[in-house]
Amino acid sequence: MNRRDYQAALDYVLSFADYERASRSAIVFDLSRIEELLKRRGNPHQAARAVHIAGTKGKGSASAMVAAVLTASGYKTGLYTSPHLHTLRERIQVDSQPIAEEEFARVVEELKPEIEAINNSGLLGELTTFEILTALAFAYFKEKKVDFQVLEVGLGGRLDATNVVKPDVGIITSISFDHTEVLGNTLAQIAAEKAGIIKPQSPVVCAPQAPEALEVIEKICQERKARLIRVGREVTWQRNTFSFLGQSFQLKGIRGDYNLTIPLLGEHQLENAAVAVAALEVLANLGMEVSPESIAKGLSQVYWPGRLQILQYEPLFVVDGAHNADSARRLREALKQYFDFDGVILIIGTSEDKDVAGMVAELSPLPGAVIVTRSRHPRAAEISKLVAEFSKWGITPLVKEKVTSAVELALARAKPRELICATGSLFIVAEVIEHMKGLLPEKYPTSETV
């Protein structure tokens, strides 16, 4: 197979309904289609042990951490995440290596007859892009004979295509307001959707939550007789030191105490690490060979770009995929806590379905200039919308239609002690990284965090 085969396979997968690029209102969320597709392929999702991760923020980071430790423990580990930064193949990895173009094309060809049969029957509705990608990941992991598959939920949890597994341990990271048009308008409603991944008698690790969200999770765990480990109570942590290269911290877990380091910045990443360690301790209690040494080794090697990532030091240039009000608040706090600067040049663009007002309210207190831009992503918000929100805070932002132009303007304006920060979503971050590193993006634009 050649690159044209890969592009043809990619075009085929992307020809179906895709909630990352279009309105969710046109898509019926239902597990019957993915279950039928997997059944026709011999239920590949049942071939390996699973760790299943839901949440609003941090689920990708926690997934990457769990996968890194399992690999360090000697297990062949599949990792399925979304969205991606530069190529869709990043979503499907085995031991940190993305699926190769020829393998992607081949597995799509193998799935095609079953996809067409289901779609042509008209009984279940048409499979979505995410459902096909999920089936592709399961089929690839089975083919590679992985021991573990670490699965990040795409949207919600209860009706997400990944929710066909019975995991050895489930994880629910921090829950906040996002995708309210699908998941609900209260934290309790959103938590109920996320907690849909909880299976009977399957342990669950939960990050610190707002009381109304935690109440829902605790109730569902009780109903399903699922042990609940609450990070922040049964598992605690304290940061020691940090530098541009990462941070060290002490953690008290359910099996012991640890001195750990991660090459990621932000207090929220310590929370994600605590969640990951707690889940790994659950696996150790189940007889898996996950030692304190492998936990320390795996976390020290985790790679998860686009989250408080430093692209250059002079001037200091940071990117972060903050995509809702709560993550914008955490970004603002992290910038002040981890970096020393006199002012900020903020590059920002968001998706049209995001809480733009909430994000602007959290980021407007940062001292300095604002450059508003628009990603190439089809759901990118109009620039005028961001300009209007910043004007409510007495800020007149500079405007650049393209992300590349916004980056060049920021670099030209930056003074020696100013920090440049690009944020608003992962699709803005991806375009900034591509420009700064001279990368060629794949045909498919990066998609928003879901």
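Just above sits the structure.
Residues numbered from 1 in each chain as written. Predicted model: local features only at pLDDT ≥ 70, side-chain atom pairs only at ≥ 80, totals over all residues. Heavy atoms only, no water.

Participant: Would you take a moment to explain the overall build of the protein for this structure?
Facilitator: Along the backbone of the protein there are 15 helices and 17 strands. In summary, the protein has a C-alpha radius of gyration of 21 Å against a globular reference of 22 Å for 450 residues, a match within 12%. Principal-axis analysis of the C-alpha atoms places the extent of the protein at approximately 60 × 50 × 40 Å. Counting the 450 residues in the protein, one finds 61% classified as buried. By sequence separation, contacts in the protein at least 24 residues apart represent 75% of the contacts at least 6 residues apart. On the protein, roughly 17,400 Å² of surface is accessible, and the fraction owed to carbon and sulfur atoms is 49%. The positive charge centre, built from 51 side chains, and the negative charge centre, built from 56, are 1 Å apart in the protein. (Helix = DSSP H or I, 4+ residues; strand = E, 2+ residues; numbered from the N terminus. Rg over C-alpha atoms; globule rule 2.2 N^0.38 Å. Buried < 20%, exposed > 50% of the residue type's maximum accessible area, 1.4 Å probe, protein only. Contact = heavy atoms within 4.5 Å. Areas by Shrake-Rupley, 256 points an atom, 1.4 Å probe, with all protein chains shown as cover. Lys, Arg positive; Asp, Glu negative; His and termini not counted. Charge placed at Lys NZ, Arg CZ, Asp CG, Glu CD.)

Participant: What am I meant to see in helix α7 (residues 187-194) here?
Facilitator: Turn by turn, an α-helix covers 3.6 residues, leaving residues three or four places apart pointing in a common direction. Within α7, the full set of buried residues consists of Leu187, Ile190, Ala191, Glu193 and Lys194. The arc enclosing the buried residues of α7, seen along the axis, measures out at 160°, which places them on a common side. (Arc of directions from axis to C-beta.)

Participant: Help me understand empty space enclosed by the protein in this model?
Facilitator: The rolling of a water-molecule-sized probe over the atoms marks out the regions of remaining empty space. Under the defined criterion, the tally for this structure stands at three cavities of 30 Å³ or more. Of the voids in this model, the largest cavity is the one considered here, and its volume is about 370 Å³. Lining the largest cavity are 26 residues, with Lys57, Gly58, Arg307, Gly321 and His323 positioned closest to its centre. Breaking the lining of the largest cavity down by element, the ones donating at least two residues are α3 (59-72), α9 (267-285) and α11 (325-338). Broken down by class, the residue content of the lining of the largest cavity amounts to six nonpolar, 13 polar and seven charged. (1 Å grid on protein atoms, 1.4 Å probe; cavity = no way out; pocket = protein on both sides within 12 Å on 5 of 7 lines; lining within 4 Å. Points joined across faces, edges and corners; volume = space filled by probe spheres on them. Nonpolar A, V, L, I, M, F, W, Y, C, P; charged D, E, K, R; others polar.)

Participant: What exactly am I supposed to notice about the packing of aromatic side chains here?
Facilitator: Aromatic ring pairs are defined here through the distance separating the ring centres and the angle between the ring planes. Summed over all chains, the structure comprises eight aromatic pairs. Between tyrosine 12 and phenylalanine 16, the aromatic rings sit 5.2 Å apart at their centres with planes inclined by 85°, giving edge-to-face as the arrangement. Judged by relative accessible area, which is 13%, tyrosine 12 ranks as buried. Centre to centre, the rings of phenylalanine 242 and tyrosine 338 are 4.7 Å apart; their planes meet at 55°, and the pair counts as tilted. In this pair, phenylalanine 242 sits in strand β9 (residues 236-243) while tyrosine 338 sits in helix α11, placing the two residues 96 residues apart along the sequence. When its relative accessible area of 35% is taken as the criterion, phenylalanine 242 is described as partly exposed. You can call tyrosine 338 buried: its relative accessible area is 5%. Here a set of aromatic residues connected by ring pairs shows up, and it is made of Phe244, Tyr313 and Phe339. (Phe/Tyr/Trp six-rings, centres within 6.5 Å; stacked < 30°, edge-to-face > 60°.)

Participant: Please clarify how the pattern of salt bridges should be interpreted in this entry.
Facilitator: In a structure, side chains of opposite charge can pair up when their charged atoms sit close to one another. Summed over the entire model, instances satisfying the criterion amount to 26 salt bridges. Notably, a salt bridge pairs aspartate 326 with lysine 57, separated by 2.5 Å at the nearest N-O pair. Residue aspartate 326 is located in helix α11, and its partner lysine 57 is located in the loop between β1 (49-54) and α3; the two are separated by 269 residues in the primary sequence. Put simply, arginine 239 and glutamate 267 hold a salt bridge, and the shortest N to O gap is 3.8 Å. Here the residue arginine 239 occupies a position in strand β9, and glutamate 267 occupies one in helix α9, the gap between them amounting to 28 residues. Judged by its relative accessible area of 32%, glutamate 267 falls in the partly exposed class. (Salt bridge = Lys/Arg side-chain N within 4 Å of Asp/Glu carboxyl O.)

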